[in-house]
Amino acid sequence: EPEVTQTPSHQVTQMGQEVILRCVPISNHLYFYWYRQILGQKVEFLVSFYNNEISEKSEIFDDQFSVERPDGSNFTLKIRSTKLEDSAMYFCASGNAFNSPLHFGNGTRLTVT
Amino acid sequence: GQSLEQPSEVTAVEGAIVQINCTYQTSGFYGLSWYQQHDGGAPTFLSYNALDGLEETGRFSSFLSRSDSYGYLLLQELQMKDSASYFCAVRPGSNYQLIWGAGTKLIIKP
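Right, let's walk through the structure included here.

Parameters and conventions
- Throughout this description, residue numbers start from 1 for each chain and increase along the sequence as written.
- Chains carry letters from A onward and ligands carry numbers from 1 onward, assigned in written order.
- Where local features are concerned, this predicted model is filtered to residues with pLDDT of at least 70; where side-chain atom pairs are given and counted, the filter is 80 or more; whole-chain, interface and lining totals use all residues.
- Here the side-chain values reflect all heavy atoms present in the structure, with hydrogen atoms and water set aside.
- Runs of E in the DSSP output that reach at least two residues are strands. Runs of H or I that reach at least four are helices, and both are numbered from the N terminus.
- Each residue's exposure class comes from its accessible area (1.4 Å probe, protein chains only) as a fraction of the maximum for that residue type: buried when under 20%, exposed when over 50%, partly exposed otherwise.
- Accessibility throughout is a Shrake-Rupley quantity obtained with a 1.4 Å probe, and a residue counts as covered only by protein chains that appear here.
- The convention is simple: Lys and Arg are positive, Asp and Glu are negative, and His and the chain ends are not counted.
- Charge positions are represented by NZ for Lys, CZ for Arg, CG for Asp and CD for Glu.
- Note on definitions: the grid is 1 Å and covers protein atoms alone; a cavity is a set of points where a 1.4 Å probe fits but cannot get out; a pocket is an open set with protein on both sides within 12 Å along at least five of seven lines; lining residues have an atom within 4 Å of a point.
- Grid points are joined across faces, edges and corners, and a volume is the space filled by probe spheres set on the points.
- We call two residues in contact when some of their heavy atoms are within 4.5 Å.
- The quantity reported as buried area is the accessible area (1.4 Å probe) lost by two parts once they are put together, taken as the sum for both.
- By definition, a salt bridge exists where a carboxyl oxygen of Asp or Glu is found within 4 Å of a side-chain nitrogen of Lys or Arg.
- Here a polar contact is recorded for every N or O atom pair within 3.5 Å, except that within protein the pair must consist of a potential hydrogen donor and a potential acceptor, and residues adjacent in sequence are included only if both atoms are side-chain atoms.
- Gly is placed with the polar residues, together with every amino acid not listed as nonpolar (Ala, Val, Leu, Ile, Met, Phe, Trp, Tyr, Cys and Pro) or charged (Asp, Glu, Lys and Arg).
- By this definition, two strands are paired if DSSP reports at least two bridges between them.
- Between N-to-C directions, angles cover 0 to 180 degrees, with each direction set by a line fitted to C-alpha atoms, over the stretch in contact for helices.

**Details of the overall build of chain B**
Here is step 1 of the chain: When its secondary structure is counted, chain B shows 0 helices and 11 strands.
Here is step 2 of the chain: Listing each helix as α and each strand as β along chain B from the N terminus yields β-β-β-β-β-β-β-β-β-β-β.
Here is step 3 of the chain: Scored against the burial criterion, the 110 residues of chain B give a buried share of 48%.
Here is step 4 of the chain: With the model as given, the accessible surface of chain B reaches about 5100 Å², and the carbon-plus-sulfur share is 47%.
Here is step 5 of the chain: Averaged over its 6 positive side-chain charges, chain B has a centre that lies 5 Å from the centre of its 10 negative ones.

**Considerations on the layout of surface pockets**
Here is step 1 of the chain: Of the pockets and cavities examined, the largest pocket occupies roughly 360 Å³.
Here is step 2 of the chain: In this structure, the largest pocket is lined by 21 residues; those nearest its centre are Gln37, Gly40 and Gln41 of chain A together with Gln37 and Asp39 of chain B.
Here is step 3 of the chain: Where the lining of the largest pocket is concerned, the elements lending two or more residues are β9 (88–95) of chain A together with β9 (84–90) and β11 (104–109) of chain B.

**Some thoughts on the interface of chain B and chain A**
Here is step 1 of the chain: The interface is formed by 19 residues belonging to chain B together with 21 residues belonging to chain A.
Here is step 2 of the chain: Of the roughly 1800 Å² buried where chain B meets chain A, counting both sides, 62% is carbon and sulfur surface.
Here is step 3 of the chain: Applying the counting criterion to the chain B and chain A interface returns 0 salt bridges.
Here is step 4 of the chain: Connecting chain B to chain A are 2 residue pairs in polar contact (both at pLDDT 80 or more).
Here is step 5 of the chain: Residues belonging to the side of chain B that touches chain A are distributed by class as follows: 11 nonpolar, 7 polar and 1 charged.

**Considerations on the sheet that holds strand β8 (residues 70–75) of chain B**
Residues and elements named next belong to chain B.
Here is step 1 of the chain: Taken in spatial order, the 5 strands make up an open sheet running β1-β3-β8-β7-β6, and their pairing is antiparallel. Unpaired on one side and paired on the other, β1 (3–5) and β6 (53–57) mark the two borders of the sheet. Taken pair by pair, the neighbouring strands of this sheet meet at an average axis angle of 20 degrees, ignoring direction.
Here is step 2 of the chain: Here β1 runs beside strand β3 (residues 18–25); their pairing, made up of 3 bridges, is antiparallel. Paired with Leu4 across the two strands is Tyr24, which belongs to β3.

What follows is the structure, given as structure tokens:
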């Protein structure tokens, strides 16, 4: 069964550094998402992406964050000038239609020290 | 604001039946979804209700009442592997954002 893959599985970075989290969505999916989950808390929506542009973003997704689909298969989340509170599990998800179930990757655990 | 309420924790015995409730207050409604998440894992889709009534998928069923802004997930013949967190999520409108509940941790005892 096709799956969403994310790399790296764990990223440690120093405060103020930039990180890029990478995702390869399922190949025939058209809708892409980034979510984050602070340990033990609920899943929080960051951004959705469709037709090569951001379709919706949350209050969390401020100027520190950006997304890109550089080559038709990868979907990346860039976090500039990381802060301690950015430490969380970041999940990429994709779907083949607007209201279809989301398929999640296994996540990247980001630790900012 | 938009919110979903579900119990933080439910405990049940292996082989039993458990119901996890979810009530929602959202600006619109495009369906109620349920996801399962094992510790350290990714959320996995379980079920989706757009219309009132019961949807059954094997040991799991999900119910929706739009007039009551309420749904539940029913797990039957509980197995130890069902120990996980269960999240309800609502898509409130014609955007792409799912609003998530805080999750219910299901603890299963032998």
